Amino acid sequence: MGEFKVHRVRFFDYMPSGIRALAFNRDIERIAVARMDGSVEVFHCSDRFFQEKIIPGREQCGIEGLSWVGERLFSAGLNGGITEYDLTNQKVKYTIDAYGGPIWTIAGNQQGTHLAVGCEDGTVKLFEVNEDKIQFERNLDRQKSRIISLSWHPSGSKIAAGMMDMIQIFNVETGHSVHRLLADRGVGTSRSKECVVWSVVYLSDGTIISGDSVGMVKLWDDQTGTLIKSHNVTKCDVLALSVSQNEDSLVAGTSEGTVVQFQFISMVLGKDDKEWVRTRTFKNHTHDIRAVAEITTAVVSGGMDAQLVVRPLLDKVEVRSAASALRKIHFPHRRLVSCARKSGLMLFQYPGHLELWRLGESEGKGSSLFVKRNPEKLLHLKVKGEDHIRCSAVSPCGEWIVYSTASKLRENTLHGLKHFLFLFFQISKLPMVLSSANQLCFSSDSSHLFSASAQSSVHIASLSQSGCKFVGTLKPKSGSHQAIHLLAASEDGKWLASANSDHEVHIYNLQTRKAHCTVPVYSSAVTAMGIHPTTNCLFMMYADQQMCEYSIEQKQYTDWSRTVQRKGLHRFWMERDTPCLNVMFNPQNPSHVILHDTYMLCIIDQSLPLPDDKTQFYNQLTLKSLPEEQRKSHSHAFKVCKTFKDILCVELMSDQSLVVVERPLEDVASQLPAPIKQKKFAT
Amino acid sequence: MVETSDIRVVRCGGSKVNLTPPIISSDSRFVLCTSGDLVKVYSTRTEEWLHSLQGHTNQVTGITLNPANHLQVYSCSVDGTVKLWDFIDGILIKTFVIGCPLFAIYVSEKHTGVLFLHVSMATDSKNECFQLVSVHLPKSAEQEVEAKEMSAVSSHISKNPSCTAFGRGGEYIAFARHLQLNVYFFRKQKTYSFSLKATDKKGAKNAFTCIACHPTDDCIATGHEDGKIRLWRNFIHKKEYTYSTQHWHHNAVNTLCFTPEGTHLLSGGIESVLVQWQYGAGNRKEFLPRLGGSILHISASSDGQLFCTSHSDNKITVIESSFKVCGVIQGLVKGDAVLTDLMIDPRSKALVLNGKPGHLQFYSLLRDKHLYNLDIVQQEYIYEAGLDQFEVVKAAFDIKGSWLATVEERGKKSSDLEFFLKLWAFDERTQSFVLNTTITAAHTDRIISMCFSSSEETTMLVTAAEDSQFKAWCQGADADTQQDQNFWSCDFVGSYHKLNPTNCSFSADSSLLAVSFQEVITIWSPDTWEMLTTLCQPPGVIRDLCFGRLSCSKYLLGTTTKNLLCCWNLLTCELEWSTSVDVSKLQPDPFSENVAAFSYQSKHTDLFVFKPSEPRPLFTNKNVCSEKVHRAVFVPREEPLNSCDESTQWLNRSQLYFLTQNMDLLTFSTATEEDRMLSSSKQLVIDDSVAVTPFYLLLGKHRQQQQKLNTQSHPVSDKPQQTQGSVTIKELLHTPAHVLPAASVLCSMFVNSFLISNTGVQQDPLREEMDSEKEEEDSEEEMEACDSQQELRAQGSVDEVTPKLSKAQERELKRVRKTDFSWMAGLIDSKP
């Protein structure tokens, strides 16, 4: 496996942002997640919940609601605007003001014709969804208090609106209120507090289900406007509700961090008189659950503790596999750290600023080394404007920093870092074409910058002391126009590979600036890729944990890759639940490929045989105990190191040292606000 | 060596009442529970034991109401029979012979004529494997029927009977074993099974401990080892079944029970808190805490007004649906171990042993009733595992029952042993024992043995301890103490060659005290404290010591650890005889010369009853039980038996009870005794259990008096004797209300009928006379059985009664003549 000097970096104070809203689109199997910092992420549910798209947020843009209309995604927030997203290019398409004050909720009808928003001023505003924009249609009867939650009847003729202390049912045709359902306040001291109906769900049989701040899930009849049944779920608030497609299951998220499931079950078997019965309780969160979504085979929940939890419903899962396991997504599936391999610099990307650090130095030998020089923060670069950073990169030589927000691309030159006495930087003037980038990458000799742009194209800019000059654009021959999320340049500067969210991987020849070839499209998204420095093979990792090696020169998969496909990967490898985030190559040992995900670091030795399902996968300890001569027969290609946990990034520097950037979850948890205090037994 | 079959081991008195769930009769008046070989019927209102259903010959393992007739009850037993009883009258209706040991019984309304039984499948007892079988009851008029039509329902049955339950209307039966829940649908003849993981990351223990089915909904409640309760629904789907989990109990849920309406679920566990969950309302629950021992079973009456919980301290609590305890039926409390000997309180003839922690309990074996607890330690007991707390380890009564000596100790495991010797005096006024003296440092080490002198005049206590001393304690010997209160103080300290004493015993007349020091028995005179002689029969340390009684008082018996039973003649100071037998308990009968010896050999216990003077045992019973017996006691009978059979004669004056290591209290019963009890039980009538209302008192007393008159004074008379009052009352009650004269007319007459007439006053001494005669008669009748000559006298006594009879008749006639039938005339007149 080899020995590396490891820089164990724990000073990247990345804080994931809390989840505010979830929206599930059953047709395209995508779930959209809105976070507290205004960013919107799209996860692919059937591709192991890979984070396909990230649309960074802005300062002061609190999203309160998300809604899919067809394949279009809308959000509304407390700034009073409704935003539509351009999912192809992963940016905001437009924002229009609803003129009703802060918007608390947004809901689209099932027909895909209208959007309703609930505003602070007590109006429910209907917007017509047109081809390219949305158009204000009219207001429903204005109420006295703010509209907290909305739900359309599946037929689209009625809307239930949750407010303070009550629920109103509107007829959409006339715009008038049909029923007023009064929600009880709590008993005792909480009697003086208003009861907030945090969430409502309107079922096709006319049942309205509400979750409120008293901790009740209540079932109402919309014909008579009466309460059918109420379940006391928690002592605190029920913040979110979600019903399954066939309306036989309902999940409620509470501020205690529990998800409570209700099922529509016949009380006497074989008869039709069904009732909503509280069944299971899931506790996977430590903080408030702000959003839940019941997708076909699982319950997805997110909240203040910033993790997205996918809890499978085993009764709905056909085949139990790694794809249907409990999944907790803590970190983005993108790299937030870039390293200047040759100069020992690291660039940390925060939503609103960048930090440049120089690695420390050490001396001595052994398992833990004495630190000679502490790591040093060289630069704290704040973003101009309100937009958050979309992507960033530092050049291998450490002289260039480039970052892009949703609308602007900026580049900084760092001169004199070698002397580090005079530290100054200069904001280069960039050509207009390079206005915004989805992904950024430097060539290995730091002479060129590759910037992934709209239409799956890649712009090339050459870098020199005088500045940056636009050189040309690489365009794929055909295919989709989805945004590129990965770029990889070869060591010799000849090849560039790009992967987009439609799973396409294009390879360009940089010398001719022409598309060279396209890797056959696989059903799963590429999560990491790299071009081998000596053989110029493209090594790709997929979200479903498969791996491929593609020879660029021969335009075909390598023999090793075909062997892997034929023999299949080990069960333990396939059962990992986080995608590989980086592919590196060890120049001293060309047969080694270094990979990492959140929980482990792995070196694949392509010269060794592949393990089958019978062999022991984690065999390092067994190998250690064996005598030298027997080791060979027992070893296989995968060497897994689990010393590090909660890894954000691993990079192999040019001096053969590894940089491992960890972000322990305990540190994240300690920075979260205090959760609701709960009595625990025997404490 | 007579191996008799008419003496057998029975569980009678002091048995577990908490073995199976108690059942409440449908009118909520009776609670039925199994108790050893019997089924006992208690009143729910008065907590009194009304009668018992006797007939099984082994442990009764299950009872259930007959769904076809709510006045009948089925019981099953290890003896392989199911019996159908009329539990109100205590009459055995039918016996179904199944033929193999039965461990639980279930019935359902839907399956008429079918019983569901737990039977043991395995041939060897170690590999316990149970099967649920359904038995079709043959329709036959005979008393004893063999039911052979059996069909197995399932063989995956837990040995715990509460892991099986019938679902809604008997449509399905749910049973759980280990981690698997099975639901068998009778109509479809299909089993659905659901299994849980043994443990999970959070340390849950998911094994099933009990099951209950909702009466109207398809919902199964299961209890689990870690205290969770799961409510299963939709269990006709292999995959889409679902359950919700509730967690309150911190340890295993012992029992679950739905109320008959299905609105609530009751659960209980080791916490001894009855929890009532509202069905369908999630977490809403009510508690009834501090019920005593941990809850083992819960049952509800059919109208849902009463609940019954049975507890591990052999108790049944009757609880109203408003969660108020309204009755406690306390059985003999048997903890994990009985540290004291079994003793008989000479005053109340009650069995005395350890009861609640730190208490001595007084239990009447004859009435099978817990009398009271005597708090010895007088400290709060903390229910927590691993705490070292004071426990009563020794107790002894003096011969009159006016003194009680107790030893409590703490620190058995640790080195710092702490113990107190306490002496309690019987207070006539309060009718209980009052603490007289507490001796904190009676000895420097643990007290091994303790006995009171058996003489009537002076009471003396001898304690032998591990500090190689024995001490004699006397009352009031200390002059410093106040005059009016007589405290106990040490009178004499004796030792022998620094050897540790092992046992001590007084002779029947208290003239001799025997103290055994390891292998040596020393005989002392308590008057002069002079050592008279030593007896020794090596090898082996002396374990038990006892003097012979009555005609055999010259003998001293001793057992050694080297399996030797020795008998010394004290007159000659020589070994009379000895035999090699491993005696675990030697128990002399205080009322006869007999001595009972329990010996443990090759995994079973044998009993020998012998007289020290005779080398041949009177009675031998091989294989009494499979465990070792360390505690036994002879309990005096209330009325002696008069059996002439040599083998049963030793049971005439007293009854031998013994306690096995499984804490089963067993006794011996003879065939004649059983016959008598069986016949007497059939005479019982419902009147005994009728609620005591004022009206009942009015009418009932009258009738009883009259019955007494009938049975006592006119045993040969055929004439029906009716007092005037009862006639009137009968007329009153039996005439339809609308043809009766006005109440004002009847009132004076009715009241008159209750007034004590002059003749009545005269009658009283007469009746007393007759009562005494009756007693004579009774005692004579007893002798009749053995002595046929007495018959003549008995006849004579009848002759003697006849003239008095005529007197009484005369009186009655007079009274009848005086009877005012005018109201009848009025009645006739009023009619057109």
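In the annotation of an unreviewed UniProt entry, the entry for chain B reads WD repeat domain 75, and the organism field reads Cyprinus carpio.

The name given to chain A in an unreviewed UniProt entry is UTP4 small subunit processome component, with the source organism recorded as Cyprinus carpio.

Here the focus is the pattern of salt bridges. All names here are of chain A. Scanning the model with the defined rule gives 37 salt bridges over all chains in all. Note that aspartate 597 is salt-bridged to arginine 576, the shortest N-O span being 2.5 Å. Remark: arginine 576 occurs in the loop between α2 (571–574) and β52 (582–585) and aspartate 597 occurs in the loop between β53 (592–596) and β54 (601–605); sequence separation between them is 21 residues. Residue aspartate 597 is classed as buried on the basis of its relative accessible area of 1%. Here the residues in one salt-bridge network are Arg8, Arg10 and Glu662, joined through shared partners.

Here the focus is unusual backbone geometry. Although it is not a glycine, A:Gln656 sits at a positive phi angle of roughly 60°. Mapped onto the elements, A:Gln656 comes out in the loop between β56 (647–652) and β57 (657–662). A relative accessible area of 16% places A:Gln656 in the buried class. One non-glycine residue, B:Lys349, lies in positive phi territory at about 60°. Topologically, B:Lys349 is positioned in the loop between β31 (343–344) and β32 (351–354). Classification of B:Lys349 as partly exposed rests on a relative accessible area of 37%.

Residue and element names in this part refer to chain B. One open sheet holds the four strands; their spatial order is β43-β44-β45-β46, and the pairing between them is antiparallel. The sheet is open, and its two borders are formed by β43 (501–506) and β46 (530–536), each paired with just one other strand. Each strand of the sheet is rotated relative to its neighbour by a mean of 20°, with strand direction disregarded. Sheet topology places strand β44 (residues 513–517) next to strand β45 (residues 520–525); five bridges connect them, and they run antiparallel. Residue pairing in the sheet places phenylalanine 517 in a bridge with valine 520 of β45.

A contiguous patch of positive charge, built from A:Lys283, A:Arg320, A:Lys680, B:Lys197, B:Lys201 and B:Lys202, is present on the exposed surface. If you trace the backbone, B:Lys202 turns up in the loop between β18 (190–195) and β19 (208–213).

A separate point is the interface of chain A and chain B. Each partner contributes to the interface: chain A provides 17 residues, whereas chain B provides 19 residues. Between chain A and chain B lies a buried interface of about 1,700 Å² when both sides are counted; carbon and sulfur atoms form 52% of it. The largest contributions to the chain A side of the interface with chain B come from A:Met267, A:Leu269 and A:Asp315, which together make up 36% of the buried area. Applying the counting rule to chain A against chain B returns zero salt bridges. Linking chain A with chain B are three residue pairs in polar contact (both at pLDDT 80 or more). Of all the secondary structure elements, the ones that give two or more residues to the side of chain A that touches chain B are β21 (226–232), β24 (258–266) and β25 (274–283) of chain A. With five residues, the top contributor of residues to the side of chain A that touches chain B is β25(A). Among the residues making up the side of chain A that touches chain B, the classes are represented as eight nonpolar, three polar and six charged.

All names here are of chain B. Read from one edge of the open sheet, four strands run β39-β40-β41-β42, paired in antiparallel fashion. Lying at the two open borders of the sheet, with one neighbouring strand each, are β39 (447–452) and β42 (488–494). Averaged over all adjacent pairs, the angle separating strand axes in this sheet is 25°, with direction ignored. In this sheet, β42 lies alongside strand β41 (residues 469–475) in antiparallel orientation, the contact comprising six bridges. The partner of lysine 471 across the bridge, within β42, is valine 493.

Moving on, we come to the UniProt feature "repeat: WD" (unreviewed entry) in chain B. Residues and elements named next belong to chain B. UniProt records the feature "repeat: WD" (unreviewed entry) for residues 53–95, 201–232, 246–287 and 440–473 in the present numbering. Counting secondary structure, residues 53–95 comes out at 0% helix and 58% strand; the distance between its end C-alpha atoms is 13 Å. Along residues 201–232, the helical share is 0% and the strand share 50%, with 22 Å between the first and last C-alpha atoms.

Below, the discussion takes up the confidence of the model for chain A. Per-residue confidence for chain A gives a mean pLDDT of 86; residues scoring 70 or more make up 95%. Of the regions scoring below 50 in pLDDT, residues 415–427 of chain A engages in 24 contacts with residues more than four places distant in sequence or in other chains.

Inspection of every chain in the model, using the stated rule, returns 55 aromatic pairs over all chains. Both rings, one in B:Phe390 and one in B:Phe420, keep their centres 5.5 Å apart while their planes meet at 35°; by these two values the pair is tilted. Placement of the pair is B:Phe390 in the loop between β34 (369–375) and β35 (391–397) and B:Phe420 in strand β37 (residues 418–427), with a sequence separation of 30 residues. The interplanar angle of 80° and the centroid separation of 5.9 Å between the aromatic rings of B:Trp577 and B:Phe610 together place this pair among those described as edge-to-face. On the criterion of sequence distance, the pair formed by B:Trp577 in strand β50 (residues 574–580) and B:Phe610 in strand β53 (residues 604–610) is long-range, its members being 33 residues apart. Across the pair, B:Phe610 and B:Trp577 agree in class, each one buried. Taken together, the ring pairs in this structure connect A:Phe11, A:Phe12, A:Tyr14, A:Phe331, A:Phe348, A:Tyr350 and A:Trp357 into an aromatic cluster. Taking the ring centre of A:Trp573 as reference, the NZ or CZ of A:Arg576 above it sits at 3.8 Å. Of note, B:Lys188 hangs over the ring of B:Phe185, and the distance from its end group to the ring centre comes to 4.9 Å.

About the thresholds
- Residues numbered from 1 in each chain as written.
- Chains lettered and ligands numbered in written order.
- Predicted model: local features only at pLDDT ≥ 70, side-chain atom pairs only at ≥ 80, totals over all residues.
- Heavy atoms only, no water.
- Salt bridge = Lys/Arg side-chain N within 4 Å of Asp/Glu carboxyl O.
- Helix = DSSP H or I, 4+ residues; strand = E, 2+ residues; numbered from the N terminus.
- Buried < 20%, exposed > 50% of the residue type's maximum accessible area, 1.4 Å probe, protein only.
- Pairing = 2+ DSSP bridges.
- Axes fitted to C-alpha atoms, helices over the stretch in contact; angles between N-to-C directions.
- Patch = residues over 30% accessible without salt bridge, like charges linked within 9 Å, V, L, I, M, F, W, Y side chains within 5 Å.
- Areas by Shrake-Rupley, 256 points an atom, 1.4 Å probe, with all protein chains shown as cover.
- Lys, Arg positive; Asp, Glu negative; His and termini not counted.
- Charge placed at Lys NZ, Arg CZ, Asp CG, Glu CD.
- Contact = heavy atoms within 4.5 Å.
- Buried area = accessible area lost by both parts, 1.4 Å probe.
- Polar contact = N/O pair within 3.5 Å; in protein donor to acceptor, adjacent residues only side chain to side chain.
- Nonpolar A, V, L, I, M, F, W, Y, C, P; charged D, E, K, R; others polar.
- UniProt positions renumbered as here; feature names shortened; annotations may be inferred.
- pLDDT = per-residue confidence, 0-100.
- Phe/Tyr/Trp six-rings, centres within 6.5 Å; stacked < 30°, edge-to-face > 60°.
- Lys NZ or Arg CZ within 6 Å of the ring centre and 35° of its normal.

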